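Structural characterization, general
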Amino acid sequence: MADTAVDSTPANDALPGEPAHVIVVGCEKGGSGKSTTSMHLTVALLRLGYAVGTIDLDARQWTLTRYLSNRATTIQREKRKLPMPRHFFLAPSEQPVRDEARAEDRARFEAILEKLRGLVDYVVIDCAGTDSYLARVAHSYADTLVTPVNDSFIDLDVVAHVDGQTGEMARPSVYAEMVWDQRKARAQRDGGSIDWIVMRNRLSTLEANNKKEMADVLQRLARRIGFRMAPGFSERVIFRELFLQGLTMLDMFDDKARPDAARPRMSHVAARQEVRALINALQLPERRPRARQTG
Ligand SMILES: Nc1ncnc2c1ncn2[C@@H]1O[C@H](COP(=O)(O)OP(=O)(O)OP(=O)(O)O)[C@@H](O)[C@H]1O
Ligand SMILES: [Mg+2]
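In this convention, every chain numbers its residues from 1, walking through the sequence in written order. Chains carry letters and ligands carry numbers; both start at the beginning, A for chains and 1 for ligands, and go up in the order they are written. Local features in this predicted model are restricted to residues of pLDDT 70 or higher, and side-chain atom pairs are both shown and tallied only at a pLDDT of 80 or more, whereas totals for entire chains, interfaces and linings draw on every residue. For the side-chain quantities, the full set of heavy atoms in the structure was used; hydrogens and water were omitted.

Looking at an unreviewed UniProt entry, one finds the protein chain named Chromosome partitioning protein and attributed to Thalassobaculum litoreum DSM 18839.

Here it is, written out as structure tokens:
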């Protein structure tokens, strides 16, 4: 599939204001919660009144694209007013010559990002769970990088290899080295920096010991590798059960007028609080909200 835009706004539609702040959600580990985090961050920012652009770089799964397309269907079918981002998806070039493929990937990515930067307040980019040239370019454009890691020592390996005896870092992971390279690329390009945030995902309400050990090790790694910790998401059914409707728990609270609407439960309130806590921890720079899109 070539790069395809769901959005059809002409580039000269750009609004005056600061260029969008770019949030990349990346982790070279499958199933760590990147797409779930991308979707919840997107809806949270939309519901705060911001215009949001989204880019899906996961050409094998298109999870975020499918999530948003399910949302568009819900809007149409149920005549609901739900905020929508301006969404793009971008597959790697199929050029056989590597350097040409890379040049094409970079050019397409930069064109989409350039367009979105003038149109929205925040851009959220969902990366695939593997290393790719496109993902590396995207990381180099991050103002904020969010890395979700499942709450287990196996998954922590994606950040750093930890000595089992001492709990200290033996060496950084290839992913941490890649982030380091993209930080350098970013600094060389425009003098900017990447604020790297690691968040734990699927936190269990049990397993208090594992939770504390993980927290201690991560805290030490944060200083060594140069990231900040954010409070994560607990393991909750509500983080996954609304995918087919394209909804999140954040959409459930202003449906009071709909008699058939599922009523938010305590666990939904707690989940919404976790998403809000993540947004707060990201310490995103303030933007004067541009007009957002509603379905
Ligand atoms: N906090 C959570 N509570 C419950 N389920 C979750 C949570 N976070 C993610 N999941 C589920 O875990 C699975 C993987 O999540 P997700 O697709 O977001 O990961 P990913 O990092 O995008 O994966 P990939 O690397 O394949 O792109 C999905 O089934 C998702 O619904
Ligand atoms: Mg994904």
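Description of the overall build of the protein chain
When you go through the protein chain residue by residue, the secondary structure sums to eight helices and 12 strands. Classification of residues uses two cut-offs on accessible area relative to the type maximum, computed with a 1.4 Å probe and protein chains only: under 20% is buried, over 50% is exposed, and between them is partly exposed. Taking all 295 residues of the protein chain together, the buried fraction comes to 52%. Residues count as neighbours in contact if any of their non-hydrogen atoms are within 4.5 Å of one another. Long-range contacts, defined as pairs at least 24 residues apart, comprise 79% of the intrachain contacts of the protein chain with a sequence gap of at least 6. By the criteria applied, helices consist of DSSP H or I runs no shorter than four residues and strands consist of E runs no shorter than two, each listed in order from the N terminus.

Side note on unusual backbone geometry
At K79, a position not held by glycine, the phi torsion is positive, near 50°. Its location among the elements puts K79 in the loop between α2 (63-78) and β4 (83-84). Judged by its relative accessible area of 72%, K79 falls in the exposed class. One non-glycine residue, Q283, lies in the positive phi region at around 50°.

Looking at the packing of aromatic side chains
Any aromatic ring pair is given by two values, namely how distant the centres are and how the planes are angled relative to each other. Only centres within 6.5 Å qualify two rings of Phe, Tyr or Trp (six-membered ring in Trp) as a pair; their planes then separate them into stacked at under 30 degrees, edge-to-face at over 60, and tilted for everything else. Applying the stated criterion to the full structure yields seven aromatic pairs. Residues F109 and Y141 carry aromatic rings whose centres are separated by 5.9 Å and whose planes lie at 50° to one another, so their mutual orientation is tilted. Taken as a pair, F109 in helix α3 (residues 98-119) and Y141 in the loop between α4 (133-140) and β7 (144-150) lie far apart in primary sequence, 32 residues in all. The class of Y141 is buried, set by a relative accessible area of 12%. Taking 5.4 Å as the distance between ring centres and 65° as the angle between the ring planes, the aromatic pair formed by W196 and F227 counts as edge-to-face. Linking W196 in strand β10 (residues 195-201) with F227 in the loop between α7 (208-226) and β11 (228-230), this pair joins segments that are 31 residues apart in sequence. There is no split in this pair, since W196 and F227 are both buried. Among the aromatic residues, those joined into a ring-pair cluster are Y175, W196 and F227. Geometrically, a charge over a ring is one whose NZ (Lys) or CZ (Arg) sits within 6 Å of the ring centre while staying within 35 degrees of the ring normal. Taking NZ or CZ as reference, R189 lies 3.6 Å from the ring centre of Y141, over its face. Seen from the ring of F253, R272 lies directly overhead, with NZ or CZ sitting 3.8 Å from the centre.

Quick look at the layout of surface pockets
Here a cavity means grid points, on a 1 Å grid over the protein atoms only, where a 1.4 Å probe fits yet cannot get out; a pocket means an open set of points with protein on both sides within 12 Å along at least five of seven lines; lining residues are those with an atom within 4 Å of a point. Grid points are joined across faces, edges and corners, and a volume is the space filled by probe spheres set on the points. Of the voids in this model, the largest pocket is the one considered here, and its volume is about 550 Å³. If you go around the largest pocket, you meet 25 residues; those closest to its centre are G31, G33, K34, S35 and T36. Here the lining of the largest pocket takes three residues from helix α1 (residues 34-47), the largest share from any one element. The wall of the second largest pocket is formed by 16 residues, among which A44, L45, L48, R276 and I279 lie closest to the centre.

Section: the pairing of strand β2 (residues 21-25)
In terms of residue burial, β2 counts as a mostly covered element, since five of its five residues are buried. Alternating residues of β2 divide into H21, I23 and V25 and V22 and V24, and every residue in both groups is buried. Paired strands, as defined in this entry, are two strands with at least two bridges between them according to DSSP. As judged from the five bridges shared by β2 and strand β6 (residues 122-126), these two strands associate in the parallel manner. Of the residues in β6, the one forming a bridge with V25 is D126.

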